[in-house]
Amino acid sequence: MKTELVTTIAAMREHIAAARRQGRSVACVPTMGALHAGHGALIDRARATFDVVVVTLFVNPIQFDRKDDYEQYARRLDADREYCAARNVDFIFAPSAGEMYPEPLATFVDVPDLARHLCGAFRPGHFRGVATVVAKLFNIVQPDAAYFGEKDAQQLAIIQRMVRDLNFSVEIVPVATVREPDGLALSSRNQRLSPEQRRMAPALFRALTEGQRSVAGGERQAANVKAAVLKVLEGEPGIRVEYVEIVDAGMQPVDAISAGVRLVAAVWIGSTRLIDNLLCRLADEATD
Ligand code: PAF
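Nothing here was measured: the structure is a model prediction, and the numbers come from that model.

### Notes on helix H12 (residues 222–234)
Here comes step 1: Relative to the 18 Å expected for 13 residues at 1.5 Å per residue, H12 spans 18 Å between its end C-alpha atoms, a close match to the ideal helical length.
Here comes step 2: Ala222, Val225, Val229 and Leu233 are the residues of H12 that are buried. The buried residues of H12 all sit within an arc of 80° when viewed along its axis, so they share a single face. Turned more than 90 degrees off the buried face of H12, the exposed positions are Ala223, Lys231 and Glu234.
Here comes step 3: Check the buried side of H12 and you find it contacts helix H11 (203–216), strand S7 (239–247) and strand S8 (262–269).

This is the structure in structure tokens:
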């Protein structure tokens, strides 16, 4: 199947209007490109349910708090096109920064209560940039559903809340994190790790698993669970911890653990920042 590359908002709208005239349903997978199997899982879920699948590839300048991070972000349009074609994607929407932001924005979407902690505390303006570009992409593509990975749990919660608060007519579908065999969550940033750093990186998943195990074993104090996580991370001197937290569905840190909390963490390995999270089950919760 041919995947069509679309670079202007006007052309994207025309394709969507044509699909709608034919009564076809539309799904959107927003990405910043450098596609990997984590994105593949989002695309496959969208492909299985909707007539038309649009993958957006846009490295969004307004969500980067560091210029070097924006500049270093992997851009691989040719490889991404092949990846999308192999997965039967209908359209790639890959606008330029000038197409998306012809003038500095005067309007932003902000979800401050959910953006205050965790990554939001360390990346000023990041989630405002994410919510704003996702709102723009939803207005351009007007999908019935959009797919987001659970690896970015705070981003997912913020987008779900934005959709609810602003009455976007789009279903947000969360998709489970895809991991390497050693547990490392897939991320475009993984390719920046040197072989030695790559060896250390699975400690993040091991540490979160240890925390999850302590909750399943009956631990109810967030401080004790965090200590268990930190102990594993401290075993890898090359890892610098940015945060380890236990949060509720509203991304607020909790002291006492109850059902549905998520263990979330961000670490640095050299100049690469990695995030991951695991949902915690209580000992007395039924398993799937
Ligand atoms: O998760 C991402 O890749 C980005 O934050 C998103 C949702 C595509 C917005 O730029």
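From this point, the narrative continues.
### Quick notes on the site of the ligand
Here comes step 1: In the vicinity of the ligand, the contacting residues are Pro30, Thr31, Met32, Asn60, Gln63, Val130, Val133, Val134, Phe148 and Gln155.
Here comes step 2: At a separation of 2.6 Å, an oxygen atom of the ligand approaches a polar side-chain atom of Gln63.
Here comes step 3: Contacts to the ligand include Gln155, whose side-chain N or O atom sits 2.7 Å from an oxygen atom.
Here comes step 4: Taken by itself the ligand offers 290 Å² of open surface, and the protein chains cover 89% of this.
Here comes step 5: For the shell around the ligand, the secondary structure elements donating two or more residues are strand S2 (26–31) and helix H8 (126–141).
Here comes step 6: With 3 residues, H8 is the single largest residue contributor to the shell around the ligand.
Here comes step 7: Considering only residue class, the shell around the ligand consists of 6 nonpolar, 4 polar and no charged.

Rules of the game
Per chain, residues are indexed from 1 in the order of the written sequence. Given that the model is predicted, a residue must reach a pLDDT of at least 70 before its local features are reported, and side-chain atom pairs must reach 80 or more before they are shown or counted; all residues, however, enter totals for whole chains, interfaces and linings. The basis for the side-chain values is all heavy atoms of the structure; hydrogens and waters are excluded. Helix and strand assignments follow DSSP, with helices taken as H or I runs no shorter than four residues and strands as E runs no shorter than two, numbered in order from the N terminus. Expected helix span is taken as 1.5 Å per residue step, with the number of steps being one fewer than the number of residues. Whether a residue is buried, partly exposed or exposed follows from its accessible area with a 1.4 Å probe, protein chains only, as a fraction of its type maximum: under 20%, in between, or over 50%, in that order. By construction, the arc corresponds to the directions joining the helix axis to the C-beta atoms. Contacts are assigned to residue pairs with any non-hydrogen atoms lying within 4.5 Å of each other. Near, as used in this document, describes a residue that has one of its heavy atoms within 4 Å of the molecule or strand being considered. Identification of polar contacts relies on pairs of N or O atoms within 3.5 Å, with a donor-acceptor requirement for protein atoms, meaning one able to donate a hydrogen and the other able to accept it, and with residues adjacent in sequence counted only if both atoms are side-chain atoms. Accessibility throughout is a Shrake-Rupley quantity obtained with a 1.4 Å probe, and a residue counts as covered only by protein chains that appear here. Gly counts as polar in this scheme, as do all residues outside two lists: the nonpolar Ala, Val, Leu, Ile, Met, Phe, Trp, Tyr, Cys and Pro, and the charged Asp, Glu, Lys and Arg.

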